[in-house]
Amino acid sequence: MMARADAVKRTQLVYQHVLEGIGRDLPEWDSVASEWASKLAGCGKDVWLHRCPVDGAGKTVCSCCKLAICPRQQRRYSQAWTHRIRELAKRLKAPRGYSWKLLTVSLRQRGDVFARVEAVVKLRADLARLLRDEYGMLAGVGAFELGDHDNVHLHFLALSEYVPRSILQHWMQGRDCTVRGCHHPADDRCTECKTARCPCHHYAETGDGRTRPRCNGSWYADVRACYVRKGRLRSRGNAADAAAEVVKYACKPVTRGDPGLLDGAELRAEVEHARRVALFHLALRNRHRVETYLAARERAPGEDDAIDDVEPTPEGLRCPQCGGVMHCVAYGKLTPEVAGYAWGRPVRGP
């Protein structure tokens, strides 16, 4: 737990640094970026580590800035979503013909990260409407993710009827195709471009000696079936085999974690990644990176107990597993000289 707390603080310090730079480079975002940098600097100045003497369960206690970009807040969100969907998969009996599935869709990447986020915000709302109206969705979670080269895409975990990938591709292509009179055949790319997994700009032969422009709409759509075994949601088609992994894939924090004590090219790469993340969150300002739908909107029993990084409380902490009193085992005070916490045993915890 000490190493994780130090990693969170070092990540916050890198974000603080790039936010201050963004404020200088983008004057229109100066006030927001400066405010975020200040809140990250003050986040978690004091940290108490608690552990249950009976079963060894641990929790970190500290005051969080609650910014969406904060890795501590991201961790809290991720654990809450994981618990909620795991519990939902246990108790929500799927009607005949229904199943859990993980959909990943990506639009053609146009403009800067602000324009891309704007486009995916609309895509998420439209996809949720499609799944609800055409495929009877009973529960859903849609989350944005920032990929390489600022590729902003959408993961959507849904309990619904079968969704054919070809239909989803046709729907995606029809959203932004600019070819006049195009019928948007599913994945109209040539074999070479399919193999290379890239957009296609080659003409197609019509069979009568003529050629036609191929559909240039967004084509990336992936559908992976999930199933429930022994009360746990598992995924077919990839390495994720538990509810936690499925939901983390859809809702994972975008930070790569501890930047460590790097130097040279590695440090420059981490700072550049942090800058991309900061711009992504500025583009998401006043929006939810994760949105829940229908039955997934309901909080699950024990959702708060599932989070292992919590706010201080005057009542103290009780173990979510055995109900016993948790004991404070270490105290960390933020020390700028070591870019982390100076650890010792506290006289008393919060």
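These figures come from a predicted structure and were not determined experimentally. Counting from 1, residues in each chain are numbered in the order their sequence is written. Given that this is a predicted model, residues contribute local features only at a pLDDT of at least 70 and side-chain atom pairs are listed and counted only at 80 or more, while totals for whole chains, interfaces and linings are drawn from all residues. To get the side-chain values, all heavy atoms of the structure are used, and hydrogens and water are removed first.

### Here's the deal with the overall build of the protein
Helix and strand assignments come from DSSP, with helices taken as H or I runs of at least 4 residues and strands as E runs of at least 2, each series counted from the N terminus. Along its length, the protein carries eight helices and 13 strands. Whether a residue is buried, partly exposed or exposed follows from its accessible area with a 1.4 Å probe, protein chains only, as a fraction of its type maximum: under 20%, in between, or over 50%, in that order. A burial count over the protein gives 48% of its 350 residues as buried. By the convention used here, residues are in contact when the closest approach between their heavy atoms is within 4.5 Å. Long-range pairs, those at least 24 residues apart, make up 71% of the contacts in the protein between residues at least 6 apart in sequence. All accessible areas in this document rest on Shrake-Rupley with a 1.4 Å probe, and a residue is counted as covered only by the protein chains that are shown. For the protein, the exposed area adds up to about 17,900 Å²; of that, 50% sits on carbon and sulfur atoms.

### What to know about helix H8 (residues 264-283)
What a helix is expected to span follows from its residue count: subtract one and scale by 1.5 Å. End to end, H8 covers 29 Å across 20 residues, agreeing with the expected 28 Å (1.5 Å per residue, within 8%). Among the residues of H8, Glu270, His273, Ala274, Arg276, Val277, Ala278, Leu279, Phe280, His281, Leu282 and Ala283 are the ones counted as buried. Lining the buried residues of H8 we find helix H1 (2-25), helix H2 (30-42), helix H3 (71-91), helix H4 (113-135), strand E4 (139-146) and strand E5 (152-161).

### A closer look at the sheet that holds strand E11 (residues 309-310)
Across the sheet, five strands lie side by side as E11-E2-E1-E12-E13; this open sheet has mixed pairing. Two strands bound the open sheet, and with one partner strand each, they are E11 and strand E13 (340-344). Strands qualify as paired when DSSP identifies two bridges or more between them. Taken together, the four bridges between strand E1 (residues 46-51) and strand E2 (residues 58-61) define a ladder with antiparallel strand orientation. Paired with Arg51 across the strands is Gly58, a residue of E2. All axes are obtained by fitting lines to C-alpha atoms, using only the stretch in contact for helices, and the reported angles, taken between N-to-C directions, cover 0 to 180 degrees. Lying over the sheet, H1 contacts E1, E2, strand E12 (327-335) and E13, oriented at roughly 155° with respect to E13.

### Things to note about the environment of Leu282
Along the chain, Leu282 falls in helix H8. The spatial distance from the C-alpha of Leu282 to the C-alpha of Trp29 is 8.2 Å, given a sequence separation of 253 residues. Setting aside residues up to four positions removed in sequence, Leu282 forms contacts with Ile22, Trp29, Val32, Trp36 and Phe114.

### Quick look at the nonpolar core
Take the buried residues of types Ala, Val, Leu, Ile, Met, Phe, Trp, Tyr and Cys, join any two whose side-chain atoms come within 4.5 Å, and each joined set is a nonpolar core. Leu131 and Phe156 are the most contacted members of the largest nonpolar core, which has 49 residues in total. Listed by contribution, the elements that provide at least two residues to this core are H1, H2, strand E3 (98-106), H4, E4, E5, helix H5 (165-176) and H8. Examining the composition of this core, we find that nine residues originate from one element, H4, more than from any other.

### A look at the pairing of E3
Counting buried residues in E3 gives eight out of nine residues, a clear majority hidden from the surface. As paired elements, E3 and E5 share eight bridges and run antiparallel to each other. Each bridged residue has a counterpart across the sheet, and for Trp100 the counterpart in E5 is Leu159.

### Digging into the packing of H1 against H3
Relative orientation of the contacting elements H1 and H3 amounts to 125°, with a least axis distance of 9 Å. Classified by the angle between their axes, H1 and H3 sit oblique to one another. Seen from H1, the contacting residues are Arg4, Val8, Thr11, Gln12 and Tyr15; seen from H3, they are Pro71, Arg72 and Arg75. Under the scheme applied, nonpolar residues are Ala, Val, Leu, Ile, Met, Phe, Trp, Tyr, Cys and Pro; charged residues are Asp, Glu, Lys and Arg; polar residues are all the others, including Gly. Partitioning the contact of H1 with H3 into residue classes produces three nonpolar, two polar and three charged. By definition in this entry, angles of less than 35 degrees are roughly parallel, angles greater than 145 are roughly antiparallel, angles of 65 to 115 are roughly perpendicular, and the rest are oblique.

### Describing the packing of aromatic side chains
Two aromatic rings, drawn from Phe, Tyr or Trp (for Trp, its six-membered ring), form a pair once their centres lie within 6.5 Å of each other, and the interplanar angle then sorts them: stacked below 30 degrees, edge-to-face above 60, tilted otherwise. The full count for this structure, using the stated rule, is five aromatic pairs. Judged by centre distance (5.4 Å) and plane angle (20°), the rings of Trp29 and Phe114 are stacked. Linking Trp29 in the loop between H1 and H2 with Phe114 in helix H4, this pair joins segments that are 85 residues apart in sequence. For Trp29, a relative accessible area of 18% puts it in the buried group. Each ring, one from Trp219 and one from Tyr220, has its centre 5.8 Å from the other, and the planes form 70°; the classification is edge-to-face. Taking relative accessible area as the criterion, Trp219 reaches 15% and is therefore assigned buried. Criterion for a charge above a ring: Arg CZ or Lys NZ at most 6 Å from the ring centre, at most 35 degrees from the ring normal. When the ring centre of Trp171 is taken as origin, the NZ or CZ atom of Arg175, which lies over that ring, is 4.9 Å away. For Arg189, the ring lying beneath its charged end belongs to Trp219, and the centroid distance is 3.4 Å.

### Some details on the packing of H1 against H8
Packing of H1 against H8 brings their axes to within 9 Å, and their N-to-C directions diverge by 65°. Compared by their axis directions, H1 and H8 come out roughly perpendicular. Remark: the crossing between H1 and H8 carries right-handed chirality. Where H1 approaches H8, its residues Val14, Tyr15, His17, Val18, Leu19, Ile22 and Asp25 are matched on the opposing element by Glu270, Val271, Ala274, Arg275, Val277, Ala278, Leu279 and Leu282. Each residue belonging to the contact of H1 with H8 can be placed in one class, and the counts come to 11 nonpolar, one polar and three charged. Here a crossing is taken to be left-handed if its near helix is turned anticlockwise relative to the far helix by less than a right angle, and right-handed if that turn runs clockwise.

### Topic: the pattern of salt bridges
Criterion for a salt bridge: a side-chain nitrogen of Lys or Arg within 4 Å of a carboxyl oxygen of Asp or Glu. Counted according to the given criterion, the structure contains 26 salt bridges. Shared partners join several salt bridges into a network, and the residues in it are Lys66, Arg72, Arg76, Asp309 and Glu311.

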